[in-house]
Number of protein chains: 2
Amino acid sequence: MDSLIDIRSNNKLSIAKETLETASKLIRRKIPRAGHLMTPRHLWIQSIPPKACDVVLTFTKTTDFRTIEWVKSQIVDESNGLGLLVNVQYHSSTDSYVFYLTAPFHVLMKAAQDVHLPKHIIGGGGLREFILSEMHTFEGIEECSDFFTMQERQSLILYVLNTRRVQNCTWLPELVESQPLITECISNGIIEHLFPVHENKTLIWLRIIWVKSFFSLQPLDRVCDYFGVKIAMYFAWIGHYTGSLIYPAIAYSAFWFGFGRRLDQWTEGVWFVVLAFMNVIWLTVYLETWKRYCAELAYRWATLDQRHQLLLQPRLEFKGQPRISPITGKPELWYPNWKRRLFSYFVSAPIIGLCLAVVFGLTIFQIKFQDWWDYYIEINEYTTYLSYIPKIMLALIIAVLDDIYSIIAVWLNDCENYRLDTEYENQLIIKVTLFQFVNSFLSLFYIAFYLQDQERLRTQLAVLLITRQLMRNIKESALPYILEQIRFAKISFDLFGALTPSDEPAKPNGERVVSQPELECSMFKFDGTFSEHLEIFIQFGYVVMFSSAFPLAALCALLNNLIEIRSDAFKLCYIYQRPFAQRIKDIGMWQNIMEVMGFIAVLVNCALIGLSGQVHRLLPNMTAIQTVLLIVALEHIMLAFRCALSCLIPDVPQWIATEMAKAEYIRREAASSKSP
Amino acid sequence: MDSLIDIRSNNKLSIAKETLETASKLIRRKIPRAGHLMTPRHLWIQSIPPKACDVVLTFTKTTDFRTIEWVKSQIVDESNGLGLLVNVQYHSSTDSYVFYLTAPFHVLMKAAQDVHLPKHIIGGGGLREFILSEMHTFEGIEECSDFFTMQERQSLILYVLNTRRVQNCTWLPELVESQPLITECISNGIIEHLFPVHENKTLIWLRIIWVKSFFSLQPLDRVCDYFGVKIAMYFAWIGHYTGSLIYPAIAYSAFWFGFGRRLDQWTEGVWFVVLAFMNVIWLTVYLETWKRYCAELAYRWATLDQRHQLLLQPRLEFKGQPRISPITGKPELWYPNWKRRLFSYFVSAPIIGLCLAVVFGLTIFQIKFQDWWDYYIEINEYTTYLSYIPKIMLALIIAVLDDIYSIIAVWLNDCENYRLDTEYENQLIIKVTLFQFVNSFLSLFYIAFYLQDQERLRTQLAVLLITRQLMRNIKESALPYILEQIRFAKISFDLFGALTPSDEPAKPNGERVVSQPELECSMFKFDGTFSEHLEIFIQFGYVVMFSSAFPLAALCALLNNLIEIRSDAFKLCYIYQRPFAQRIKDIGMWQNIMEVMGFIAVLVNCALIGLSGQVHRLLPNMTAIQTVLLIVALEHIMLAFRCALSCLIPDVPQWIATEMAKAEYIRREAASSKSP
């Protein structure tokens, strides 16, 4: 399997190389002259890759020289020998100053040791956390420039930047002393962007072998190398989910299109129940295989062997009392658990409950109102377009509520003051999905269980599944792409279209150039995979809960996801600034809420079977109570079966468990052969 | 809390000391003479504590000298400098030869390093696994005789014995070459017993401060020191469970005796539901607090920080192909997981299913047959004593089936060939409890849900809870005690009653003595805490599932357990040979099956509420279907609540998590500052 991917991507790579060479030949033939209006595409190809620039830091237009000088002094600070290299530039397109940042090798190595970056050791001994004192045991250490990949360099520079605290800055009263420098500057409007630059060569490869190779497997290892583990993990997850969708898509579609229609009612009823059971099996196997695959990926990407969470670096925004850590004996910040719990039980929980109640009430009200409105229109014989008024109103209100709730959720989460980024994100996931669950599924539950209108449920599902996802792809890929093209066109026009006096350097032969970082400043900032995860999670809910009502759900989801993968890849490779890499070992809380969704799905499926009247058709002699009891029994069997199956399938493949045991063995041996 | 226990046990200890001194004064005054028939109690006090004897190994009567000499040569084998010290003795009471075993200090230290025994390091630095090369960092290493406690010495000697393999033994063809020596000799009838000797002083203390101090807390740390972690953990578990039973015992008894009787039906119905809910909360809180308490105990007893299971020593009985371990690089035995799984899915599971079906069928048949029989007797006006015939027959059949099933379960478990003792025991727990569940609860389920006879259910429960436990205490404590007293009396008579010519040494002044190990040979062998755990688990099932039908269940269980604790302690301190200590970190699978029982209990409670007609009394206007749906909803809410509560309560207290993080930090730091 792996080798297959390698062969495929190698093929793609050689094609990519050729394309690249052809492209550069073409460019050399028609070097753009001043005054020549270029298309955004040409602008990109013609841009100059920066020398010695890994990370770009841009200041807002209004920032004065003194502040810029001060920030520079803080960053290059050589007092501890760990300064970064700063190259100050001026971007004419935004009329602002920027720093092109990079770091000397010794600073990178020190940072790599601090963040316990795993690197390969000489002789194929696998990965080991980098240590300065034993740097010569690591592979490739002689080649200073190649030892760390660009992505690693960028993460390490970010780490160094984040260690800088505001110090002796009385003349800028808005900056709080001893808080992290960069976050303070960003929140006070001094720094505008901080992003790592793209690496053109790899990016063009990725565009070819990932974005445009629609029918081949994703080059996950390369994505991981370029964008980091977190983004690669998201794509691995959606890829694995899409692959798993093939089974229910085939089973349900076969049932829907051909097979089911030719059956008599009794056999159809049996099939219905069999499919529901298979759905539970599929669901469980899917969740378990993902856990195993995820462990494999995390092992491959060297994030599986995480330290105990009390040993990890706290978030930058983490607040607490300074104290000496009882674990490491070093100074650290401390925030007691009980305070966090008190807040989340007595403030967060009631507020979230209230929000859920509001959206609950509104949804029910809208459905009731819609019914009354439709009836009113029909009676008065008004035009049917009026029927959309309540729908549009609800959509608007929900959108506003959604935004308000997001703000509340983030605020509550901030107040709860979690120590780790993963904890913070996990709690935010819980808060947001609770709301989205009610928001997305309540009207369906209402139709299915209160109105018991199977036909309306089916229509609603089809509309939601197809339009919602289509709209989203347009909103998230096409729209930003067009916007960005317009921005680039504007830059292009500004630079070359009109001969305005400008400060940017001109080449001896009179050509005007634009640097690649300058272009990237105009790109959108990628704000994480949270909303993508959420969207797929909601879709997962549609599929696992309502497949029995709308058997084509799995097929719709499958087709959508095939597009979604490439459209997300497109966004990353074409529209967004490169994000900083993040090292995670799994998808965190998303896994848990999918498990919970799995349980809810069993209940909903059984209830739908009960309401569909299939059981009554199968066993016409049963009383109503017996039918209910039978369905409840069926549900309990499915739940028990699901639990048993989860327990029987080990979460981690045997060979990974062996490798983890080996790592622990090495640590224990080392610890016991060392004096205290 | 801890200090309270200490003060209490110190008080007890000083009392114990005084009693001990008085006792020894008394003894000195009337030293028994030859020919004086002593009571077993005196026999015990007068017995000579062995010099240099930690572990006793006795041969069967039929074993010849050559074999005994050969076994001795294997045990004292000095070729690797790790021989034990053997003192050969003759026991006239059993007419057999015995070895009194002990080990030189250097052998013990080597063994302690091999088993990673945690010992205190100098300067209060906590526990650390013992290492020979750094022996001087451990506290009390100067005092060779006191560095290891007697219990540790005994475990280490057992470990050394277990490393001995059958070698060059062609003249005893029944022994399989290169199998463990001791197990081969035991299974071939060469060795009869292998047990560690009691330590009289501590044992007498324990009798006073543990067995006889009915109303004080158990001195768990001392029990752990003397009997090892596994036994202490069992007593901690039953103690914690009994303590937790106070809440439901009070709540339900109050409801039953006074409060409930004076209420009108409506309020009674509400209380019924409230109690069921409280039962779920209690259950969850009990299970979670035990997990936390267990982690604390395991930390205190230095078993919490277990190695990865692939790094632990395999069971003695583990079979497999020899190979070089990919983890440690040392030779090991290897048995592939898939073989084990294949066997357990395709052999174990069907056989167990069959057994369950048989006991299921038999129980149902007996109930039906009993009804028919009672009817037949009534019609023919026979004496009512005849009514007991089917009951007695079933009891006999079940007892026989129980034995057969135990044999099958152990055989299947042996075939599955688990690598670790804990795995082996966990799987055996699953097999045995499945059978016992059907055996113990099926007739109750039948009465409750099929016959729906609440009155009969109540009677049956009362009978089961009270008689079953009373019978068991008599069978397991009183009976063996009496048997043992008779054996001791026989020894006493043989030795001192009749002046038979014997080979045992006579003291210069003509007194005949019996050594303590000789007496202990006549004691029963303690065969683990499995059956005690099982019994309490079944009782737990009665309490959590049927408290709503028979509210006094918790009170009965509480009273029974108060006696059970001391009666189990009595068995260990009076009746049984001392067991070898075992190091475990929790109660293993018992925890899991109690969790499962917790879920089943929610279902059963809800079903009982439904059948009791309380809901109908509360809400008389509901239709039958609505009532069923309401109860199903209630059940789901309870299940969700239980899951949520389990997730909200951390399994390990914060301070233990901190300590574990610290241990990991030390290991990681050591590993990273050491060259590969």
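The structure this text deals with has already been given above.
Note that the structure is predicted; figures quoted are calculated from it, not measured. (Residues numbered from 1 in each chain as written. Chains lettered and ligands numbered in written order. Predicted model: local features only at pLDDT ≥ 70, side-chain atom pairs only at ≥ 80, totals over all residues. Heavy atoms only, no water.)

1. As for the interface of chain B and chain A
Listed by partner, the interface residues are 45 residues for chain B and 45 residues for chain A. A combined buried area of about 4,300 Å² lies between chain B and chain A, and 62% of that area is made up of carbon and sulfur atoms. Of all residues in chain B, the largest losses of buried area upon contact with chain A belong to Tyr665(B), Arg667(B) and Arg668(B), amounting jointly to 16% of the total for that side. Inspection of the region where chain B meets chain A yields zero salt bridges. Here chain B and chain A share eight residue pairs in polar contact (both at pLDDT 80 or more) between them. (Contact = heavy atoms within 4.5 Å. Buried area = accessible area lost by both parts, 1.4 Å probe. Salt bridge = Lys/Arg side-chain N within 4 Å of Asp/Glu carboxyl O. Polar contact = N/O pair within 3.5 Å; in protein donor to acceptor, adjacent residues only side chain to side chain.)

2. Comments concerning the packing of aromatic side chains
Applying the stated rule across the entire model yields 83 aromatic pairs over all chains. Each residue in the set Trp210(A), Tyr226(A), Phe227(A), Tyr234(A), Phe235(A), Trp237(A), Tyr241(A), Trp282(A), Tyr286(A) and Phe540(A) is aromatic and connected to the rest through ring pairs, giving one cluster. Across from the ring centre of Phe524(A), 4.6 Å away, lies the NZ or CZ of Arg487(A), which sits over that ring. It is Arg578(B) that lies over the ring of Tyr226(B); its NZ or CZ is 3.8 Å from the centre. (Phe/Tyr/Trp six-rings, centres within 6.5 Å; stacked < 30°, edge-to-face > 60°. Lys NZ or Arg CZ within 6 Å of the ring centre and 35° of its normal.)

3. A short note on the sheet that holds strand E2 (residues 85–91) of chain B
Residues and elements named next belong to chain B. Across the sheet, four strands lie side by side as E2-E3-E1-E6; this open sheet has antiparallel pairing. Taken across any chain shown, the strands that pair with only one partner, and hence form the sheet edges, are E2 and strand E6 (191–196). This sheet shows a mean twist of 20° between the axes of neighbouring strands, independent of strand direction. Where strand E1 (residues 55–59) lies against E6, five bridges are found, and the strand directions are antiparallel. Bridged to Val 55 within E6 is Pro 196. Each of E1, E2 and strand E3 (96–102) touches helix H3 (residues 65–76); the most contacted strand, E3, lies at about 5° to it. (Pairing = 2+ DSSP bridges. Helix = DSSP H or I, 4+ residues; strand = E, 2+ residues; numbered from the N terminus. Axes fitted to C-alpha atoms, helices over the stretch in contact; angles between N-to-C directions.)

4. Considering a nonpolar patch on the surface
A cluster of nonpolar side chains, Phe214(A), Phe215(A), Leu559(A), Leu562(A) and Ile563(A), forms an exposed patch at the surface whose accessible area comes to about 520 Å². Along the chain, Leu562(A) falls in helix H18 (residues 553–575). (Patch = residues over 30% accessible without salt bridge, like charges linked within 9 Å, V, L, I, M, F, W, Y side chains within 5 Å. Areas by Shrake-Rupley, 256 points an atom, 1.4 Å probe, with all protein chains shown as cover.)

5. Some remarks on the relation of the copies chain B and chain A
For the pair chain B and chain A, the best superposition has an RMSD of 0.1 Å and corresponds to a rotation of 180° with a translation of 0.1 Å parallel to the axis. In symmetry terms, the pair is related by a two-fold rotation axis. Interface overlap between copies: 100% of the residues of chain B at the interface are likewise at the interface in chain A, consistent with a symmetric, same-surface contact. (Least-squares fit on C-alpha atoms with pLDDT ≥ 70 in both.)

6. Comments concerning the nonpolar core
Ranked by size, the top nonpolar core spans 99 residues in total, and within it Met233(B), Phe235(B), Phe441(B), Met545(B) and Phe546(B) carry the most contacts. In terms of residue count, helix H14 (residues 421–451) of chain B provides more of this core than any other element does, 13 residues in total. No fewer than three residues from each of domain 2 (229–335 + 417–494 + 512–667) and domain 3 (336–416) of chain B sit in this core. Not counting residues within four places of it along the chain, the set of residues in contact with Met545(B) comprises Phe437(B), Phe441(B), Phe445(B), Met597(B), Ile600(B), Ala601(B), Val604(B), Asn605(B) and Leu608(B). Among the nonpolar cores identified, the runner-up in size contains 97 residues, and Val229(A), Trp290(A), Ile536(A) and Ile587(A) belong to it. (Core = buried A, V, L, I, M, F, W, Y, C linked by side-chain atoms within 4.5 Å. Buried < 20%, exposed > 50% of the residue type's maximum accessible area, 1.4 Å probe, protein only. Domains from an automatic or database assignment.)

7. A few points about the sheet that holds strand E1 (residues 55–59) of chain A
Residue and element names in this part refer to chain A. Strand order in the open sheet formed by four strands is E2-E3-E1-E6, and the pairing between neighbours is antiparallel. Since the sheet does not close on itself, it has two edges, and those belong to strand E2 (85–91) and strand E6 (191–196), each with one partner. Pairs of neighbouring strands in the sheet enclose a mean axial angle of 20°, with direction left out of account. Running over the sheet, helix H3 (residues 65–76) touches E1, E2 and strand E3 (96–102) and is turned about 5° from E3.

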